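# Remarks on the overall topology
If you want the building blocks of each chain, they are given just below.
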Amino acid sequence: SLVVKNLGDIPLHVIDELRGLSYDAATRTLTLRLREPAPTPVDKNAPTFHLPTPRTVTVAPGAMVTIVVAIPAVLTTLRQGPDLSLVMEKTDLRGMETIRSEIAASAHPIEFRPVEKPHALRTRLASWGKIVTTDTAVKPDTRDALPDEMPDAEPSKNSSNKSKKR
């Protein structure tokens, strides 16, 4: 669960759905992205995918919201092989030691535009709001716990005052 607290005096719009995740096996860090990454250059032969506008939640001044993000024990990714075939890779995440959350928030809601090309939408979303990044150590006794079984976690020393994660 990610707990977001609005310490300001105006409502905040916060992306409350996972937009991407990655795992760095060398540092045992799982990164949860509740933000849109910058788009990559467009290849004219690349397939075009529909990109939905992210869902957001409004956090009133002084209020908190809890965003639940399901994390798989094994991450399955699809990669392009050397012969241009698709290869499925599996990565066991149970050895993670740190969870990094990157959450986008803004005083202004994300504008919905019914007709917008995916690259233009991704470019607009990547520049929306401010990104709050928090690193939290994963305690071995909570690694496989359900949210209601987890003791309150202390924020890491890299945590901002606007975001606390457990």
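Here is what the cut-offs are and how they apply
- Residues numbered from 1 in each chain as written.
- Predicted model: local features only at pLDDT ≥ 70, side-chain atom pairs only at ≥ 80, totals over all residues.
- Heavy atoms only, no water.
- Helix = DSSP H or I, 4+ residues; strand = E, 2+ residues; numbered from the N terminus.
- Buried < 20%, exposed > 50% of the residue type's maximum accessible area, 1.4 Å probe, protein only.
- Contact = heavy atoms within 4.5 Å.
- Areas by Shrake-Rupley, 256 points an atom, 1.4 Å probe, with all protein chains shown as cover.
- Patch = residues over 30% accessible without salt bridge, like charges linked within 9 Å, V, L, I, M, F, W, Y side chains within 5 Å.
- Salt bridge = Lys/Arg side-chain N within 4 Å of Asp/Glu carboxyl O.
- Core = buried A, V, L, I, M, F, W, Y, C linked by side-chain atoms within 4.5 Å.
- Arc of directions from axis to C-beta.
- Pairing = 2+ DSSP bridges.
- pLDDT = per-residue confidence, 0-100.

## Description of the overall build of the protein chain
Regarding its fold elements, the protein chain presents one helix and 11 strands. Taking all 166 residues of the protein chain together, 33% fall into the buried category. Counted over contacts in the protein chain with a minimum sequence separation of 6, partners at least 24 positions apart contribute 70%. Surface accessibility of the protein chain: about 10,700 Å² in total, with carbon and sulfur atoms responsible for 55%.

## Quick notes on a nonpolar patch on the surface
Together, Leu78, Leu86 and Met88 make up an exposed nonpolar region whose accessible area comes to about 370 Å². Along the polypeptide, Leu86 turns up in strand β8 (residues 86–92). With a relative accessible area of 62%, Leu86 lands in the exposed category.

## Overview of the nonpolar core
Membership of the largest hydrophobic core comes to 26 residues, with the highest contact counts inside it found for Val14, Leu34 and Ile67. Elements that contribute at least two residues to this core include exactly β1 (2–5), β2 (12–15), β4 (29–34), β6 (64–67), β9 (98–106) and α1 (118–126). Top contributing element to this core by residue count: β9, with four residues. Setting aside its immediate chain neighbours within four residues, Val14 contacts Val4, Arg55, Thr56, Val57, Val59, Ile67, Ile103, Ala104 and Ala105.

## What about α1?
Among all positions of α1, only Leu121, Arg124 and Leu125 are buried. Taken around the axis of α1, the buried residues stretch over an arc of 95°, which confines them to a single face.

## A look at the pattern of salt bridges
Per the stated rule, a full pass over the model turns up 14 salt bridges. The residue Glu17 makes a salt bridge to Arg55 at a minimum N-O spacing of 3.7 Å. Here the residue Glu17 occupies a position in the loop between β2 and β3 (20–24), and Arg55 occupies one in the loop between β4 and β5 (56–59), the gap between them amounting to 38 residues. We classify Arg55 as partly exposed; its relative accessible area is 47%. If you follow the salt bridges from partner to partner, you end up with Asp16, Glu17, Arg19, Glu36, Arg55 and Arg122 in one network.

## A look at the pairing of β6
Burial along β6 is one-sided: Val65 and Ile67 are buried, and none of Met64 and Thr66, which face the opposite way, are. Examined bridge by bridge, β1 and β6 share four bridges and lie antiparallel to one another. Each bridged residue has a counterpart across the sheet, and for Lys5 the counterpart in β6 is Met64.

## Considering unusual backbone geometry
With phi around 55°, Arg28 is a residue other than glycine that occupies positive phi space. Along the chain, Arg28 falls in the loop between β3 and β4. For Arg28, a relative accessible area of 39% gives the class partly exposed.

## Considering the confidence of the model for the protein chain
Summarising the model, the protein chain shows a mean pLDDT of 82, and 80% of its residues fall at 70 or more. Overall, residues 146–166 carries pLDDT values under 50, and its contacts beyond four positions in sequence, including any with other chains, amount to 42 contacts.

## Remarks on the environment of Thr134
You can see Thr134 is positioned in strand β10 (residues 130–137). Here Thr134 falls in the buried class, since its relative accessible area comes to 0%. Here the alpha-carbon distance between Thr134 and Thr31, two residues 103 residues apart in the chain, equals 9.8 Å.

## Looking at the pairing of β2
On a regular strand, one side chain projects to one face of the sheet and the next to the other, so that they alternate. Side chains Leu12 and Val14 of β2 all project onto a buried face; the interleaved residues His13 and Ile15 project onto the opposite face, where all are buried too. In the sheet, β2 pairs with β9 via two bridges, with the strands oriented antiparallel. Looking across to β9, one finds that Val14 is bridged to Ala105.

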